[in-house]
Amino acid sequence: MKQAHRLAKERRHVASSVPRKMTAAAWALVEETLALRWGPEQISGRLRLEGLLSVSATWIDRHIRAGRAAGGTLCHALRQRGKTYNRHGRTATGRGLIPNRVDIRERPAVVDETTRIGDREVDTIIGSRHRGAVVSDVVCAAGAHADGR
């Protein structure tokens, strides 16, 4: 049993280490069309339409990026800079982030007292799956006191 398992693992390793689709000739064809200043989407679509090769634009883009990291110049053949992917966990301003926002713990203590007229507190609560929303807007009016009188 151990011998059969070992042989199966060896055959699997050999079979998966040989690129079946993206051979050196296939990449040469892709790089040739890149030299004509075609975009990855155009190359992918044209090769699939002609029945020569079925490769996604993402694979082509990854190949270009890997070549660039290794010091290649395929990226210079692109008409545009390339697709920018959203990176998770970045701290730059984006969707859901307010630029120059101030944390609620940093607001003046006098605002918590609700004794000044015109102080305002607004909060938004968004429901699950963005199906509903509630906006709470509290404005301190004349005669309001912190102790509720």
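This text goes with the structure placed above it.
To keep things clear, this report deals only with the structure shown in the data block. Note that this is a predicted model, so its numbers are computed, not measured.

The helix and strand inventory of the protein stands at five helices and two strands. Counting only residues that meet the buried cut, the protein has 16% of its 149 residues in that class. Contacts in the protein between residues far apart in sequence, at least 24 positions, make up 39% of those at least 6 positions apart. Counting every atom, the protein has about 12,700 Å² of accessible surface; 53% of that belongs to carbon and sulfur.

What follows deals with the pairing of strand β1 (residues 120-126). The element β1 is largely exposed, with a buried count of zero among its seven residues. Examined bridge by bridge, β1 and strand β2 (residues 133-139) share seven bridges and lie antiparallel to one another. Within the sheet, the bridge partner assigned to Ile-125 lies in β2 and is Val-134. Linkage of β1 to β2, two consecutive antiparallel strands, is achieved through a turn of six residues, within which Arg-129 is found at a positive phi near 55 degrees.

So, on to the pattern of salt bridges. Evaluation of the coordinates by the stated rule reveals four salt bridges. Salt-bridge contacts for Glu-10 lead to Arg-6; the nearest nitrogen and oxygen are separated by 3.1 Å. One end of the pair is Glu-10 and the other is Arg-6, both in helix α1 (residues 2-17) and four residues apart, which spans about a single turn. Taking relative accessible area as the criterion, Glu-10 reaches 40% and is therefore assigned partly exposed. The salt bridge partner of Arg-120 is Asp-137, with a shortest N-O separation of 2.6 Å. Residue Arg-120 is located in strand β1, and its partner Asp-137 is located in strand β2; the two are separated by 17 residues in the primary sequence. Since its relative accessible area comes to 55%, Arg-120 is described here as exposed.

It is worth spelling out unusual backbone geometry at this point. In this structure, Arg-129 takes a positive phi of about 55 degrees despite not being glycine. Inspection of the secondary structure puts Arg-129 in the loop between β1 and β2. The phi dihedral of His-130 falls on the positive side, at around 55 degrees, and the residue is not glycine. As for its position among the elements, His-130 is in the loop between β1 and β2. Overall, the relative accessible area of 62% leaves His-130 in the exposed class.

Analysis parameters
- Residues numbered from 1 in each chain as written.
- Predicted model: local features only at pLDDT ≥ 70, side-chain atom pairs only at ≥ 80, totals over all residues.
- Heavy atoms only, no water.
- Helix = DSSP H or I, 4+ residues; strand = E, 2+ residues; numbered from the N terminus.
- Buried < 20%, exposed > 50% of the residue type's maximum accessible area, 1.4 Å probe, protein only.
- Contact = heavy atoms within 4.5 Å.
- Areas by Shrake-Rupley, 256 points an atom, 1.4 Å probe, with all protein chains shown as cover.
- Pairing = 2+ DSSP bridges.
- Salt bridge = Lys/Arg side-chain N within 4 Å of Asp/Glu carboxyl O.

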